[in-house]
Amino acid sequence: MVFSYLKLRKQEWLTFASAMKIQEKKNLRHLSLDEIKQVLEEQGEKSFRATQVWEWIWQKGAASIDDMSNLSKELREKLKENFDLYSISVDTIQRSSDGVVKVRFKTSDNFFIEGVLIPAIDRITACVSSQVGCSLTCTFCATGLMDRERNLTHDEIFDQVVQLNKISEEQHGRRLTNIVFMGMGEPLLNYSNVIKAIDKISAPDGLVISPRRITVSTAGISKIIRKLADDKVRFRLALSLHAADDQKRSRLMPINQENNLESLTESLQYFWEKTGNRISFEYVLFEGVNDTLQDAKNLVTLCKKFQLIHVNLIEYNRVQGVPYKGLSFDKMEKFAAILEGYGLNATIRRSRGRDIDAACGQLANKK
Ligand code: SAH
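Computed from a predicted structure; not experimentally measured.

Colleague: So what exactly am I meant to see when it comes to the overall build of the chain here?
Modeller: Along its length, the chain carries eleven helices and 14 strands. Residues classed as buried in the chain amount to 51% of the 367 residues present. In the chain, of all internal contacts separated by at least 6 residues, the share reaching a separation of at least 24 is 64%. Of the accessible surface of the chain, which amounts to about 18000 Å², a share of 50% is contributed by carbon and sulfur atoms.

Here you go:
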């Protein structure tokens, strides 16, 4: 009995030891402030050091433990024995003639993702990715052609904002003002990391960017939109609508088969009631697909179910190997005029950063 007990313990110990050998360092950014305090106290450090580490991580956007210059070299070395930040790094930067900057980031496990900085007169917007690739198969989107490799962690999402903010300060002398989750991936399929990243980005002891200036764009997953409402999130939500007719929408976005317009309407109304947050619709115009008078009327009927609804008409950026074509600017204006005739508020969003493939839906993992 004693023997088998010991044997078992020994087996457990061996498993543990072999696991330890291959065990990677812990991610320091996945620790709470209290946990960091505990780690530092075990090293014989005073608890205020934990606040310093916290500030380095979430306020100053340190890329490594070495960056934490007000900690002694000795303490940094000790921390590095067991911890890492696993930050993403800037791999390449491309600058468009219209001021848009596209950054290709490399994750610590060698995946590539992209983020974009979009300067305008009244704002500087960072467009960030939420996943490596995407599991949705929207038929017009470059990322949709890729597989979803993995979700980004909340700190990797945070890193994109920090790095794009750095470029904004260097290039424009001011911090970025807005964030849109319109890069690679479907943010609602990486719910907890997106929520945690937004918490850190907007926190008073974080980057202090108001959630009102953060927009999460979704292809539309009814169940998760309801969860956002129940969680009373404070950021804005944009639905990539692209067609107000189930048959057309399912062809463009297969996810519509399980999340049809009726279920999305119900969940968005629920979101609106629970949070009072502005919802906007994104509508990419495709020649001969969703640009008829009937399409405009369907869009108006759908929008009228919501108060204060606003439609962004988006210029399509061609994607290699995909048969869709965008509408000319003239035709986009005509479509907008029809909507306005019915009392809808429509804005035409011209494409930016096209010359460097940085425009909406063009982000892809081009190694
Ligand atoms: N998965 C989320 C966010 C990423 S896509 C979503 O679907 O909303 C961000 C936006 O770019 C979406 O509105 C998407 O439909 C749009 N988009 C994708 N490919 C595009 C392209 N080639 N040209 C213009 N917009 C595109």
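Colleague: Help me understand the sheet that holds strand 9 (residues 178-181) in this model?
Modeller: Two pairing modes exist for strands in a sheet, parallel and antiparallel, and in both the strands are linked by backbone hydrogen bonds. Strands sit in the order 3-4-5-6-9-10-11-12-13-14 across an open sheet of ten strands; the sheet is mixed. Both edges of this open sheet fall to strand 3 (89-95) and strand 14 (345-349), since each of them pairs with a single strand only. When strand polarity is set aside, the average angle formed by the axes of neighbouring strands in this sheet is 25°. Taken together, the four bridges between strand 11 (residues 236-240) and strand 12 (residues 279-285) define a ladder with parallel strand orientation. Note that in strand 12 the partner of Leu237 across the bridge is Ile279. Helix 6 (residues 191-202) contacts strand 9 and strand 10 (214-218) of the sheet and is inclined by roughly 165° relative to strand 10.

Colleague: What exactly am I supposed to notice about the site of the ligand here?
Modeller: Taken together, 20 residues are adjacent to the ligand, and Glu186, Ser217, Ser240, His242 and Asn317 come closest. Separating an oxygen atom of the ligand from a backbone N or O atom of Ala219 is a distance of 3.4 Å. Contact between the ligand and Ser240: an oxygen atom at 2.6 Å from a side-chain N or O atom of the residue. Here the ligand has 530 Å² of accessible area as a free molecule, and 96% of this is covered by the chains. Of the residues in the shell around the ligand, the class split is ten nonpolar, eight polar and two charged.

Colleague: What am I meant to see in the packing of aromatic side chains here?
Modeller: The description of an aromatic ring pair rests on the distance of the ring centres and on the angle between the ring planes. Tallied over the entire structure, the rule returns six aromatic pairs. Arranged with centres 6.2 Å apart and planes meeting at 65°, the rings of Trp54 and Trp58 form a pair that is edge-to-face. Of this pair, Trp54 and Trp58 both sit in helix 3 (residues 48-58), four residues apart, roughly one helical turn. As far as burial versus exposure is concerned, Trp54 and Trp58 are alike and both buried. Members of the aromatic cluster, each reached through a chain of ring pairs, are Phe140, Phe286, Tyr316 and Tyr324. In this structure, Lys60 is placed above the aromatic ring of Trp56, and the distance from its NZ or CZ to the ring centre is 4.1 Å. Against the face of Phe112 rests Arg104, its NZ or CZ located 4.2 Å from the ring centre.

Colleague: Before we go on, may I ask you to explain the packing of helix 2 (residues 33-42) against helix 3 in this structure?
Modeller: The geometry of a pair of packed helices is captured by two quantities: the angle between their axes and the separation between those axes. Two elements in contact, helix 2 and helix 3, have axes whose closest approach is 8 Å; the angle formed by their N-to-C orientations is 130°. With respect to their mutual orientation, helix 2 and helix 3 come out oblique. Once helix 2 is placed against helix 3, the crossing between them reads as right-handed. For the pair helix 2 and helix 3, contact is made by Leu33, Ile36, Lys37 and Leu40 and by Arg49, Ala50, Thr51, Val53, Trp54 and Ile57, respectively.

Criteria and thresholds
- Residues numbered from 1 in each chain as written.
- Predicted model: local features only at pLDDT ≥ 70, side-chain atom pairs only at ≥ 80, totals over all residues.
- Heavy atoms only, no water.
- Helix = DSSP H or I, 4+ residues; strand = E, 2+ residues; numbered from the N terminus.
- Buried < 20%, exposed > 50% of the residue type's maximum accessible area, 1.4 Å probe, protein only.
- Contact = heavy atoms within 4.5 Å.
- Areas by Shrake-Rupley, 256 points an atom, 1.4 Å probe, with all protein chains shown as cover.
- Pairing = 2+ DSSP bridges.
- Axes fitted to C-alpha atoms, helices over the stretch in contact; angles between N-to-C directions.
- Near = heavy atom within 4 Å.
- Polar contact = N/O pair within 3.5 Å; in protein donor to acceptor, adjacent residues only side chain to side chain.
- Nonpolar A, V, L, I, M, F, W, Y, C, P; charged D, E, K, R; others polar.
- Phe/Tyr/Trp six-rings, centres within 6.5 Å; stacked < 30°, edge-to-face > 60°.
- Lys NZ or Arg CZ within 6 Å of the ring centre and 35° of its normal.
- Parallel < 35°, antiparallel > 145°, perpendicular 65-115°, else oblique.
- Left-handed = near helix turned anticlockwise from the far one by under 90°.

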